[in-house]
Amino acid sequence: MNTYSTPAYGSGSHGGGSGGSGYQSCMQMCAASYGAPTMASSTWSARPATTTAASSSGCTHTVIVAPTQGVLRYVPFAINASVGDTIAFVWNANKHTVTKSSELAICNKTSDMPFSSGVQNKSFVFTQTVNDTNTTFFYCGVPGHCQKGMFGILNPPNALMGSTSSVSSMMPVMASNSSNMTAMVQYTQMATANNTMAGNWGGNIDMSGMPPSSYQYALENVMYTRTFLAANPEVLSGDGVIDLSSAGTTPLIVPNDITAAAANSSTSPGSPTSGSPTAGATGSSSPSAASTGGAKSLGSSSILVSVVVVASLVFAL
């Protein structure tokens, strides 16, 4: 069985059922609140030699690099892997990179055992072997992409129970300071209403070591992965393991960028824009400033012109 593991944060049952009818019901509510869906299709013509297969040297974990053109995300946003495992980054859109960075300067290439794919296009596969279980950040080095939130985490740190710096604790705080974040949280909650496991995914990630300017973007990435998992309940097991091959020949639904939900969120002309996750050499903003305004700048214009609920892609796994 081809599988790859993701952090099994939170608790709850797998609410997938057959055919994802619960998700479709939630999508009807989302459409009523955020507009009718527009559908588009594409195919993933290339596949890794081993999508995720156990072997004597470890497993291979697949990370989708930009699930469709214009969506600047890695899916899943965070993965857990052991020494000897392989990470297979698979491009499903053009002109992106996978470049190692650090927690304090997420959008800057690190000199500590660096890796970089260079700018690549759809169907390209880039693999890296896991040499330790330290937390590792990676980002897209195409100018402007990381600043819009295109980064991911390998072996993310876990927050202690009751921590105020976990994703679960930070999300409502950030939403209370931003109407755009509130809209995205509400959209995610509706999309995951019938899938508790998807709705809790990533909740235990510890954000305390990240620059405050990256908080909003980290939360957006978590929410995007949650909507992806809710849209495809058949790929998420009750223990948090994702099995892309379980979809068989059924097309996987790829939600449009989570920031589309913020398109209907009104912002005052004087609202400050959010910081970018590039803090390191320069000072970072406070958590509240990082979450206020600026959400419309994160998505492509085609996504934000009309609010779109989902787009469908066929992954040839």
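As shown above, the structure is provided for reference.
A brief report on the enclosed structure follows. A quick note: this is a predicted structure, and the numbers were derived from the prediction, not measured.

This part is about the packing of aromatic side chains. Counting across every chain of the model gives 6 aromatic pairs. Here Tyr 74 and Phe 138 contribute two aromatic rings whose centre-to-centre distance is 5.0 Å and whose plane-to-plane angle is 80°, an arrangement assigned as edge-to-face. Of this pair, Tyr 74 sits in strand 4 (residues 74-75) while Phe 138 sits in strand 9 (residues 136-139); the two residues are 64 residues apart in sequence, bridging distant segments of the chain. Ring centres of Phe 115 and Phe 126 lie 6.4 Å apart, and the angle between their planes is 45°; on these two criteria the pair is classed as tilted. Here Phe 115 is found in the loop between strand 7 (99-101) and strand 8 (125-129), whereas its partner Phe 126 is found in strand 8, with 11 residues between them in sequence. Both residues of the pair, Phe 115 and Phe 126, belong to the buried class. Within the aromatic cluster, the residues linked to one another by ring pairs are Tyr 74, Phe 89, Phe 115, Phe 126 and Phe 138.

Put simply, the largest pocket is a space of about 430 Å³. What lines the largest pocket is a set of 22 residues, and nearest its centre among them are Lys 100, Met 113, Phe 115, Asp 132 and Thr 136. Among the elements of the structure, strand 6 (86-91), strand 7, strand 8 and strand 9 are those that each provide at least two residues to the lining of the largest pocket. Here the element with the most residues in the lining of the largest pocket is strand 9; it accounts for 3 residues. Tallied by class, residues from the lining of the largest pocket come to 9 nonpolar, 9 polar and 4 charged.

Take the state of the cysteines next. All told, the structure shown has 1 disulfide when counted by the stated rule. In this model, Cys 107 is linked to Cys 146 through a disulfide, with the two sulfur atoms separated by 1.9 Å. On the sign convention where negative is left-handed, the bridge of Cys 107 and Cys 146, at about -80° about the S-S bond, is left-handed. With Cys 107 in the loop between strand 7 and strand 8 and Cys 146 in the loop between strand 9 and strand 10 (151-154), the pair connects residues that are 39 residues apart, well separated along the chain. With no disulfide of its own, Cys 140 lies closest to Cys 146 among cysteine sulfurs, the gap being 8.1 Å.

Quick look at the sheet that holds strand 5 (residues 78-79) now. Backbone-to-backbone hydrogen bonds join strands into a sheet, with any given pair of strands oriented parallel or antiparallel. An order of 5-10-9-7 is seen for the 4 strands of this open sheet, with the pairing classed as mixed. Edge strands, defined here as strands with exactly one partner in the open sheet, are strand 5 and strand 7. Bridging between strand 9 and strand 10 involves 4 bridges; their strand directions are antiparallel. Within strand 10, the position partnered with Thr 136 by the bridge is Leu 154.

On to the environment of Val 65, then. Tracing the chain through its elements places Val 65 in strand 3 (residues 60-65). Spatially, the C-alpha atom of Val 65 lies 9.5 Å from that of Phe 124, the residues being 59 residues apart in sequence. Those residues in contact with Val 65 that lie beyond four places of it in its chain are Arg 73, Tyr 74, Phe 89, Val 90, Trp 91, Asn 92, Ala 93, His 96, Val 98 and Met 150.

Criteria and thresholds
- All residue numbers here refer to positions counted from 1 along the written sequence of the relevant chain.
- Reporting in this predicted model follows two pLDDT cut-offs: at least 70 for local features of residues, and 80 or more for side-chain atom pairs to be given and counted; totals over whole chains, interfaces and linings ignore these cut-offs and use all residues.
- To get the side-chain values, take all heavy atoms of the structure and skip hydrogens and water.
- In this analysis, rings of Phe, Tyr and Trp, with Trp reduced to its six-membered ring, are considered paired at centre separations within 6.5 Å, and the interplanar angle assigns stacked below 30 degrees, edge-to-face beyond 60, and tilted for intermediate values.
- Working definition: helices are DSSP H or I runs of at least four residues, strands are E runs of at least two. Numbering for both runs from the N terminus.
- Exposure categories follow from relative accessible area, calculated using a 1.4 Å probe and restricted to protein chains: below 20% of the type maximum is buried, above 50% is exposed, and the middle band is partly exposed.
- Every definition here rests on a 1 Å grid over the protein atoms only: cavities are sets of points where a 1.4 Å probe fits but cannot get out, pockets are open sets enclosed by protein on both sides within 12 Å along at least five of seven lines, and lining residues have some atom within 4 Å of a point.
- Grid points are joined across faces, edges and corners, and a volume is the space filled by probe spheres set on the points.
- Charged residues are taken to be Asp, Glu, Lys and Arg, nonpolar residues to be Ala, Val, Leu, Ile, Met, Phe, Trp, Tyr, Cys and Pro, and polar residues to be all remaining types, Gly included.
- We call a pair of cysteine sulfur atoms a disulfide when they lie within 2.5 Å.
- At least two DSSP bridges between two strands are required for those strands to pair.
- Throughout, a residue-residue contact means that at least one pair of heavy atoms, one from each residue, lies within 4.5 Å.

Geometry only, nothing functional implied.
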